[in-house]
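Read off the chains here:
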Amino acid sequence: MPTRKLMPDVIKNQELSCLPPTATARDAALLMAERRIAAVLVTEGRTLKGIVTERDMTVRVVAAGLDPATTPLSTVMTANPDTLPPSSPAIAAMELMERHNYRHLPVAVDGEAVGMVSIRDLFAVVRAHLEEEIRDREAFMFGSGYSAEGSA
């Protein structure tokens, strides 16, 4: 896993879900529901201004008693979020997300949004890495023809 980069190893062919800062919290909720996602990038053009997550919607809109139909994202987003460049190793994203309790992390180049990595994306990479490690160890210990499925 240490050599896996955010792009293209963890995320690839990703369609970004972006809204402008003037869009409403309701717009973000509808986009999240439509695309079955938990976070939306807030951008002006491709320039990253912030991020809005399900958690933000719950705490900063619903719990605060704001009207989602009239609340602009600029007032409830996390402005200037931490980002990593696409060439960052997956482990760097994992460490940053764990340290700050993030579930989504924008990927950016010179302030321009190019992707978003989620904890689920990283979990899939870790799982694949662990499965590969197990196969390699079994092959080393039992010979390359060993297979747990084939033994009875």
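So, here is what we can say about the structure in this document. Bear in mind the structure is a predicted one, so any value in this text is a computation, not a measurement.

Moving on, we come to the overall build of the protein. Helices and strands together make up the secondary structure of the protein, namely six helices and six strands. In terms of principal-axis extent, the alpha carbons of the protein reach across some 65 × 35 × 25 Å. In the protein, which comprises 152 residues, the share counted as buried stands at 35%. Counting contacts in the protein only where the partners sit at least 6 residues apart, residues at least 24 apart contribute 56% of the total. As displayed, the protein has an accessible area near 9300 Å², and 53% of this comes from carbon and sulfur atoms. For the protein, the distance from the average site of its 16 positive side-chain charges to the average site of its 20 negative ones is 2 Å.

Another point: the pattern of salt bridges. Enumeration according to the criterion identifies three salt bridges in this entry. Salt-bridge contacts for E44 lead to K49; the nearest nitrogen and oxygen are separated by 3.9 Å. Judged by relative accessible area, K49 falls into the partly exposed class, the value being 30%. Here R60 ties to D56 by a salt bridge, and the two come within 3.6 Å at their closest N and O atoms. With R60 and D56 both in helix 3 (residues 54-62) and four residues apart, this pair spans about one turn of that helix. You can call R60 partly exposed: its relative accessible area is 33%.

To continue, consider the side chain of T43. Looking at where T43 falls in the secondary structure, it is placed in strand 2 (residues 39-44). Separated by 3.3 Å, the side chain of T43 and the backbone oxygen of G45 make a polar contact.

This paragraph deals with the pairing of strand 5 (residues 104-109). Across the six residues of strand 5, five count as buried, placing the element largely inside the fold. Two elements, strand 5 and strand 6 (residues 112-118), share six bridges in a ladder whose sense is antiparallel. Of the residues in strand 6, the one forming a bridge with V107 is G115. Linking strand 5 back to strand 6 in an antiparallel pair, the connection comprises two residues, with D110 at a positive phi of about 50°.

Counting 14 residues, the largest nonpolar core has L19, A28, M32, V52, M57 and L73 as its most contacted members. Contributions of two or more residues to this core are made by helix 2 (25-35), strand 2, helix 3 and helix 4 (73-76). No other element matches helix 2, which puts four residues into this core. When near neighbours in sequence (up to four residues on either side) are disregarded, L19 contacts D27, A28, L31, V40, L41, V42, T43 and L73.

Taken N-terminus to C-terminus, the directions of helix 2 and helix 3 make an angle of 145°; their axes are 11 Å apart at the nearest point. Note that helix 2 runs across helix 3; the crossing there is left-handed. Residues A25, A28, A29 and M32 of helix 2 form the contact with helix 3, whose own contacting residues are E54, M57 and V61. When its residues are assigned to classes, the contact of helix 2 with helix 3 shows six nonpolar, no polar and one charged.

Before going further, it helps to examine unusual backbone geometry. Looking along the chain, the bond that leaves M7 and enters P8 is cis, with omega of 10°. Among the structural elements, P8 can be located in helix 1 (residues 6-10). Positive phi, close to 50°, is recorded for N13, a residue that is not glycine. Relative to the elements of secondary structure, N13 occurs in the loop between helix 1 and strand 1 (18-19).

Parameters and conventions
Residues numbered from 1 in each chain as written. Predicted model: local features only at pLDDT ≥ 70, side-chain atom pairs only at ≥ 80, totals over all residues. Heavy atoms only, no water. Helix = DSSP H or I, 4+ residues; strand = E, 2+ residues; numbered from the N terminus. Buried < 20%, exposed > 50% of the residue type's maximum accessible area, 1.4 Å probe, protein only. Contact = heavy atoms within 4.5 Å. Areas by Shrake-Rupley, 256 points an atom, 1.4 Å probe, with all protein chains shown as cover. Lys, Arg positive; Asp, Glu negative; His and termini not counted. Charge placed at Lys NZ, Arg CZ, Asp CG, Glu CD. Salt bridge = Lys/Arg side-chain N within 4 Å of Asp/Glu carboxyl O. Polar contact = N/O pair within 3.5 Å; in protein donor to acceptor, adjacent residues only side chain to side chain. Pairing = 2+ DSSP bridges. Core = buried A, V, L, I, M, F, W, Y, C linked by side-chain atoms within 4.5 Å. Axes fitted to C-alpha atoms, helices over the stretch in contact; angles between N-to-C directions. Left-handed = near helix turned anticlockwise from the far one by under 90°. Nonpolar A, V, L, I, M, F, W, Y, C, P; charged D, E, K, R; others polar.

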